[in-house]
Amino acid sequence: MAEDIRHDAEKGFRTLLRCYKEMVYWHIRRIVVSHEDAQDATQETFVRVFRNITQYAGDSSLKAWIFRIATNEALRLCERRDSKSAMTIDETQAEGIGAKADAFFDNTDEVVARMQKAIQALPRKQQLAFNMRYYDEMSYREIAEATGSSEASVKVCYHVAKEKIKEHMTSNQL
């Protein structure tokens, strides 16, 4: 697909968007939470992909390369947002931002809302590893490529995250 973009930019980019836009949006959405922020970060991700496609060396999968750009863009947005806001994570979660309902996410399912809250409470590396493995169905290798980590580190982060989420879900049953 990278070659398609290099050969015919417009057609290749349309194909790239068709294949990855929704997947990238939801990946970013799980990081930034807000629909508007996710839309902005998704748009910026594809602008960066288009501008830098000639630098894609093919040493990782195209999906992992795109997810690395998307992850970095989402984290940049979180850093900007965090630097502008004096709220603590606890205050943010108390306001329900961790499981906020909107036209794209329905928090009426209590289990889903609790799981999202548990994921949001994880350290960032565990959160990324869990989301990419569980929701995006990426291999440990792809996650490692996308996050700039080792496969072993990703496996540990995923398994620790999974155990923390299980613990959160069972301890908050009633």
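Before any of the text, the structure's been laid out above.
Residues numbered from 1 in each chain as written. Predicted model: local features only at pLDDT ≥ 70, side-chain atom pairs only at ≥ 80, totals over all residues. Heavy atoms only, no water.

A. Focus on the packing of helix H8 (residues 140-147) against helix H9 (residues 151-171). Relative to each other, H8 and H9 sit at 105°, their axes nearing to 8 Å. One finds that H8 runs roughly perpendicular with respect to H9. Taking contact as the criterion, the partners of Tyr 140, Arg 141, Ile 143, Ala 144 and Thr 147 in H8 are, on H9, Glu 151, Val 154, Lys 155, Tyr 158 and His 159. Classifying every residue of the contact of H8 with H9 gives five nonpolar, two polar and three charged. (Axes fitted to C-alpha atoms, helices over the stretch in contact; angles between N-to-C directions. Helix = DSSP H or I, 4+ residues; strand = E, 2+ residues; numbered from the N terminus. Parallel < 35°, antiparallel > 145°, perpendicular 65-115°, else oblique. Contact = heavy atoms within 4.5 Å. Nonpolar A, V, L, I, M, F, W, Y, C, P; charged D, E, K, R; others polar.)

B. Just the environment of Gly 12, in detail. Along the chain, Gly 12 turns up in helix H2 (residues 9-32). Expressed as a C-alpha distance, the spacing of Gly 12 and Phe 50, which sit 38 residues apart in the sequence, is 9.8 Å.

C. Region of interest: the pattern of salt bridges. All told, the structure shown has six salt bridges when counted by the stated rule. Its salt-bridge partner being Glu 73, residue Arg 48 comes within 2.8 Å of it at the nearest N-O pair. Taken together, the positions of Arg 48 in helix H3 (residues 35-52) and Glu 73 in helix H4 (residues 62-84) put the pair 25 residues apart, joining distant regions of the chain. A relative accessible area of 30% means that Arg 48 is categorised as partly exposed. With a shortest N-O distance of 3.0 Å, Arg 76 and Glu 73 are connected by a salt bridge. Pair noted here: Arg 76 and Glu 73 are both in helix H4, with a separation of three residues, about one helical turn. Taken together, the salt bridges that share partners define one network made up of Glu 44, Arg 48, Glu 73 and Arg 76. (Salt bridge = Lys/Arg side-chain N within 4 Å of Asp/Glu carboxyl O. Buried < 20%, exposed > 50% of the residue type's maximum accessible area, 1.4 Å probe, protein only.)

D. Examining unusual backbone geometry more closely. The phi dihedral of Val 33 falls on the positive side, at around 75°, and the residue is not glycine. Relative to the helices and strands, Val 33 resides in the loop between H2 and H3. A positive phi angle, close to 55°, is found at Glu 137, a residue other than glycine. Relative to the helices and strands, Glu 137 is located in the loop between helix H7 (124-134) and H8.

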